[in-house]
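Secondary and tertiary structure notes
What follows is each chain in one-letter form.
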Amino acid sequence: MSTFIDLYNYWIFIFLMMIGFYIVIAQGNLVKKIIGLNIFQTAVFLLYISMGKVKGGTAPIIVAGDASYSNPLPHVLILTAIVVGVATTALAMALIIRIRKAYGTIEEQDIHEQDASL
Amino acid sequence: MISSHLPVLQVILPLIAAPLCVLLRRSSLLWLLSFSASLGAMVIAWLLLQQAGSSGVISYILGGWAAPWGIEYRIDTLNAYVLLIVTAISSVVLLAAKKSIEQEVPQQHWPMFYASYLLCLTGLLGITATADAFNVFVFLEISSLSSYALISLGRDRRALTASYQYLVMGTIGATFILIGIGLLYMLTGTLNMNDLAQRLPAVAQTKTMLSAFAFLFVGISLKLALFPLHLWLPNAYTYAPSIVSAFLAGTATKVAVYVLLRFIFTVFGADYAFSVLPLAEILMLLGVAAILFASLSAIYQDNIKRLFAYSSVAQLGYITLGISFLSVSGLSATLLHLFNHALMKAALFMALACLLYRQGGVKFSHVKGLGRQMPWTFMAIVIGGLSLVGVPLTVGFISKWYLILAAIEQGHFVLVAIILFGSLLALVYVWRIVEQGFFSASDDHTDVKEAPLSLLLPTWLLVLANIWFGIDTSLTVGVAEHTAHWLLELPAPVMPGATP
C-alpha cells in the first residue's frame, strides 16, 4: 500500500494520460480532440519532471556546502517537448480554422457526411 | 577541415536554407536555393557512405561536448545508406517541383512550401544521423510538423482533414516515443544510444524496460504506417500536392523503418527485443496482413494516387516481413526494399504528378485512353508498376528475390506463396491502370498533350534508376548485405570499393 502511495506521481501521470487519450478517441469535435491531445502530452511532461526530482534535493544551483540537488536534465528535455507541444497545437488550430472555412463545421461527423455526399 | 564536419553539415544545409526561403519571392530563386541545399546534402551523404564503408563508424561530437553528455552524431553504413536514399529522392523530386508547384499551390504559399519541404528534409536527415535518443524525438517532430503543413497545401479540401488526422495520429505516435525514451532515461540516466546499449543489459529484467520497448515499438509503428496503424497514410498521400506525395512516399516511412531497426538492433539488442516480445511473430503477421489487405484495398480504389498509397502500405509489409526473419538475407531484403521501394514509389508518384499537371485529377475517369496522348508518362507508370510487381530487370525483383530466399531458408513456404500472391495482386492493380490508359477508348481527352519536359525528365530519371539498380546491384546489395551482417553482429563481408 505504501509503495502505491509513494508512486502517486506516476499514478497521476497514467490517469491524465488515459483521460487525454480517451478524449482524442471519443470526442467528435476537432477542438476538443486537440484539448485531449494536450492533456495527453502534459501527462508526459509530468512524467519527465517528476523523474528528475531527488527527495530533499534543492534547485541545481552551486551553493556552499554539500547539498543534494534535483536532476535538471529532464526539465531541460521537457522544455523542448513543451515547445513542440505548443507548435503542434498552433498548427492544429490553424488547420481547424481552415477546415471550418472549407466545410462550415468542426464536427467530425458532419465533415464525413459532407465528404461522403460528394 | 570541412570533411570532418560532414555528419552535421548535411543536416545544417537544409536547416539554414529553409528560413532563407521565406525571404525570397521568385519561384526560380526559391527552387534554385532548395535544390542546391538538397543536392549538397546528397553529395555529403554519398561521401559519408564512402567514409563509413572504408573506415567504419564516424563519430561527430556537436559543439565539442563529449558524448554521452553532449549530442553525438554517429554515421555507420546503415544510416549513411538511409541518408543517401532520403537526399537522392528529395533532390530528384525537387527537380520537378518548380513546374508542379507553380500549378498546384497558390503563389503566396510558394516560399512556405519550400521552407516546409526543407525543414521536413532537415528532420528526416537529423533523425537518421543522430545517436541521441531524445534528438530523434526532436527531429521527428520537426519533420512531422512540416509534413502536416505540406499535406494541407493540397488543392482538395480533404487535404485539410487528411492533414489533421495525420497530425493527431502522428502526435500520439511521437508522444509514445517520448514516453519510451523517458523510461529509458529513468533506468539508465543516459540518452546516448551507444551508452544506452551498454547500460540496458543490467536492467533487462525490469518491467520498466519492457514497457519502454513496447511504447517505442508502437510509437515507431504508427510513424511507419505498420498495418493496422496505417490509417493516416492513404488520405495523406492522396490529397497532398503530388510533389509532396512523391517525397513522403520515398522518404518518411523509410526513415521510420530505420528508427525501428536502430532501436531494435543497436539500442535494445536483437536478443532482448525478440525474446521479451514475440516480435518476430508480430512483425510477420502484421507484415502478411499488410501485404494481403492493403493490396486488396488497392485493387478497389477509384483514385490512382490512393491506389498507390495502399500499395505503399503493402510494400511496408514486405519490409517488416524481412525484419521478422532475423537472418542476413531477411534483413538484406528489408534494406534493399527501403532503397528499391523509395525508387519505384517516387517514380510512380512523379508520373502521377505529370498526369495531374495535364488533367487536374488522377481518377480512372481522368486517364481513359490517355496512353496514346501521354505515352512517356504511361510508359513510366508501366515500368514503375512492373517494378512494383517484381519483374526481373527491375529493382522490385531484387528485393523480392532476397525476401523469398530468406523465407525458403527458414522453411516458411506459406510465406513464399503469400509473397508471390502479393505480387499477383500488384499485377492486378497495375493492370487496371494500363487497361484504362491503353485499351479504353475515350473521345474526351483527344487534345491532351504529353507532360512538359521538366516533369518528365525527373520521372524518367527515377524510372531508369529502377532499371539500372535492377541490373547493377553492386551498390545496393553490397551495402545491404554488409549492413545486415553488422546488425546481426556477424563478421561482415568487405564493402565493395573499401580499402582493406
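When its secondary structure is counted, chain A shows five helices and zero strands. Taken from the N to the C terminus, the helices and strands of chain A come in the order α-α-α-α-α. Taken over the C-alpha trace, chain A has a radius of gyration of 20 Å; the compact-globule value for 118 residues is 13 Å, which it surpasses by more than 25%. If you line up chain A on its principal axes, its C-alpha atoms span 70 × 35 × 10 Å. Across the 118 residues that make up chain A, the buried fraction comes to 33%. At a minimum sequence separation of 6, the contacts of chain A that also span at least 24 residues come to 47%. As displayed, chain A has an accessible area near 7,100 Å², and 70% of this comes from carbon and sulfur atoms.

This brings us to the state of the cysteines. The final tally for this structure, using the stated rule, is zero disulfides over all chains. B:Cys21 carries a free sulfur, and the closest cysteine sulfur to it, the one in B:Cys120, is 13 Å from it.

Our next topic: the side chain of B:Ser324. Residue and element names in this part refer to chain B. Take Ser 324: it is sitting in helix α13 (residues 304-324). For Ser 324, a relative accessible area of 4% corresponds to the buried category. Dropping the residues within four chain positions of it, Ser 324 is found in contact with Phe 274, Ala 280, Leu 283 and Met 284.

Let us look at the packing of helix α3 (residues 77-104) of chain B against helix α14 (residues 328-359) of chain B. Residue and element names in this part refer to chain B. One way to put it is that α3 packs onto α14 with a least axis distance of 11 Å and a crossing angle of 0°. Between α3 and α14, the interaxial angle falls into the category roughly parallel. Touching Leu 78, Tyr 81, Val 82, Ile 85, Ile 89, Val 92, Val 93, Ala 96, Lys 99, Ser 100, Gln 103 and Glu 104 of α3 are Leu 335, Leu 336, Leu 338, Phe 339, Ala 342, Leu 343, Ala 346, Met 350, Ala 353, Leu 356 and Tyr 357, all from α14. Residue composition of the contact of α3 with α14, by class: 19 nonpolar, two polar and two charged.

A word on the environment of B:Ala480. Residues and elements named next belong to chain B. Within the fold, Ala 480 resides in helix α20 (residues 474-487). Judged by its relative accessible area of 0%, Ala 480 is buried. Remark: the alpha-carbon pair of Ala 480 and Phe 439, spanning 41 residues in sequence, is separated by 40 Å. Those residues in contact with Ala 480 that sit more than four places away from it in its chain are Ser 332, Leu 335 and Leu 336.

On to the interface of chain B and chain A, then. Contacts between chain B and chain A engage 28 residues on the former and 36 residues on the latter. Summed over both partners, the interface of chain B with chain A buries about 2,900 Å², with 79% contributed by carbon and sulfur atoms. Remark: the boundary between chain B and chain A carries zero salt bridges. Scanning the region where chain B abuts chain A turns up six residue pairs in polar contact (both at pLDDT 80 or more). Among the elements of the structure, α5 (133-151) and α6 (158-188) of chain B are those that each provide at least two residues to the side of chain B that touches chain A. When residues in the side of chain B that touches chain A are grouped by element, the largest group, 17 residues, is from α6(B). Of the residues in the side of chain B that touches chain A, the class split is 19 nonpolar, six polar and three charged.

Conventions used here
- Along each chain, residues carry numbers from 1 onward, in the same order as the chain's sequence is written.
- The lettering of chains begins at A and the numbering of ligands begins at 1, in the order of writing.
- Selection of residues for local features in this predicted model requires a pLDDT of at least 70, selection of side-chain atom pairs for listing and counting requires 80 or more, and totals for whole chains, interfaces and linings are taken over all residues.
- Remark: hydrogens and water are excluded; side-chain values derive from all non-hydrogen atoms of the structure.
- By definition, any uninterrupted DSSP run of H or I lasting at least four residues is a helix, any uninterrupted run of E lasting at least two residues is a strand, and each is numbered from the N terminus.
- Our radius of gyration is a C-alpha quantity, and the globule rule it is checked against amounts to 2.2 Å times the number of residues to the power 0.38.
- Remark: exposure states derive from per-residue accessible area (1.4 Å probe, protein chains only) relative to the maximum for the residue type, with buried under 20%, exposed over 50%, and partly exposed in between.
- Contact between two residues is taken to exist if any of their heavy atoms lie within 4.5 Å; hydrogens are not considered.
- Surface exposure here means Shrake-Rupley accessible area, sampled with a 1.4 Å probe, where a residue is shielded only by the protein chains that are shown.
- Two cysteine sulfurs form a disulfide in these notes if their separation is within 2.5 Å.
- Think of each axis as a best-fit line through the C-alpha atoms, taken over the contacting stretch in the case of a helix, with angles from 0 to 180 degrees between the N-to-C directions.
- Roughly parallel means an angle under 35 degrees; roughly antiparallel means over 145; roughly perpendicular covers 65 to 115; every other angle is labelled oblique.
- Here the term charged refers only to Asp, Glu, Lys and Arg, the term nonpolar to Ala, Val, Leu, Ile, Met, Phe, Trp, Tyr, Cys and Pro, and the term polar to all other amino acids, Gly among them.
- Two parts placed together each lose some accessible area; with a 1.4 Å probe, that loss summed over both constitutes the buried area.
- Here, a salt bridge means any side-chain nitrogen of Lys or Arg that lies within 4 Å of a carboxyl oxygen of Asp or Glu.
- Polar contacts, as counted here, are pairs of nitrogen or oxygen atoms within 3.5 Å of one another; within protein the pair requires one atom able to donate a hydrogen and one able to accept it, and residues that are adjacent in sequence qualify only if both atoms are side-chain atoms.

Keep in mind these values describe shape, not function.
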